[in-house]
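Here is what each chain is made of, one letter per residue.
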Amino acid sequence: MALTAWQVHATLSRSAANGPGTRFVVWTQGCSLGCEGCFNPETHAPGGTPRSPADVAAEALAEPGVEGVTISGGEPLEQPEPLREFCALIRPSGLGIIVLSGFSRAEIEANPRRLAAVQDVDMVVAGRYNPRLYLGAGLRGSSNKEYWAITPRYREEDLAAVPEGEVVISADGTVTVTGMHAWGGR
Ligand code: SF4
């Protein structure tokens, strides 16, 4: 399998606010969709850290006791090839895979590169964020976004029960606030 550079904003080894159970999270760098009130504006500009999907997958697979991985952004589907490679490496492990995307299901299905990138994904949370339709819980962020279950692994009820947010303090004192929270005043 070819190694494709993946522009990554950050990873988090254990999260309880990015899907059911404990999850490894990847935030990709770069998004051109420009949703008003976006939770992660620091991920919009190009850049980030170039990483190989295999390297990030090895990091995820080394984490004990996680239920699955979540790929967020930035916009994961603006880098479809490394996303596809990453998911193909995760799939044989049995971990679940959730992708949070600003593209709608129709936009993904209409683009062969994006559609190929989600072939090993269990659930895509799809569509632009709309701050006027903000939800205080679950993974959709706003009620216009769609849960697209590609496999039966996750049910909408499971995702709707995900906590609004979390604060993670790592061993080196780094503080990460994550999830679909509105704690920044949106
Ligand atoms: S698609 Fe996601 S990262 Fe991009 S602007 Fe919209 S909410 Fe923000």
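Everything numeric here is computed off the predicted structure, so don't read it as measured data. (Residues numbered from 1 in each chain as written. Predicted model: local features only at pLDDT ≥ 70, side-chain atom pairs only at ≥ 80, totals over all residues.)

## Focus on the environment of G138
Thinking step 1. Here G138 lies in the loop between β6 (123–126) and β7 (146–149).
Thinking step 2. The exposure class of G138 is buried, given the 20 C-beta atoms found within 10 Å.
Thinking step 3. For the pair G138 and N18, spaced 120 residues apart in sequence, the C-alpha separation works out to 8.7 Å. (Helix = DSSP H or I, 4+ residues; strand = E, 2+ residues; numbered from the N terminus. Buried ≥ 20, exposed ≤ 12 C-beta atoms within 10 Å, placed from the backbone.)

## So, the site of the ligand
Thinking step 1. Lining the immediate environment of the ligand, one finds 13 residues, of which C31, C35, C38, G102 and Y129 sit closest.
Thinking step 2. Partitioned by chemical class, the residues of the shell around the ligand number five nonpolar, six polar and two charged. (Near = placed C-beta within 6 Å. Nonpolar A, V, L, I, M, F, W, Y, C, P; charged D, E, K, R; others polar.)

## Points about the environment of T11
Thinking step 1. Along the chain, the position of T11 falls in strand β1 (residues 6–15).
Thinking step 2. Setting aside its immediate chain neighbours within four residues, T11 contacts V25, V26, V56 and E59. (Contact = placed C-beta atoms within 7 Å.)

## Re the packing of helix α1 (residues 53–61) against helix α2 (residues 80–90)
Thinking step 1. Between α1 and α2, the least distance of the axes is 9 Å, while the angle of their chain directions is 35 degrees. Considering only the axes of α1 and α2, their crossing is right-handed. Counting all contacts with α1, which are made through P53, A54, V56, A57 and A60, the residues of α2 involved are P82, E85, F86, L89 and I90.
Thinking step 2. Residues of the contact of α1 with α2, tallied by class, amount to nine nonpolar, no polar and one charged. (Axes fitted to C-alpha atoms, helices over the stretch in contact; angles between N-to-C directions. Left-handed = near helix turned anticlockwise from the far one by under 90°.)

## Observations regarding the confidence of the model for the protein
Thinking step 1. For the protein, the mean per-residue pLDDT works out to 90, and 92% of the residues sit at or above 70.
Thinking step 2. Taken together, the stretch residues 182–186 has pLDDT below 50 and engages in five contacts with residues farther than four places along the chain or on a different chain. (pLDDT = per-residue confidence, 0-100.)

## Here's the deal with α1
Thinking step 1. Listed in full, the buried residues belonging to α1 are P53, V56, A57 and A60. Within α1, the buried residues cover an arc of 100 degrees as seen down the axis, which keeps them to one side. Exposed positions of α1 whose direction lies more than 90 degrees from the buried face are D55 and A58.
Thinking step 2. Against β1, β2 (23–28), β3 (49–51), β4 (68–72) and α2 lie the buried residues of α1. (Arc of directions from axis to C-beta.)

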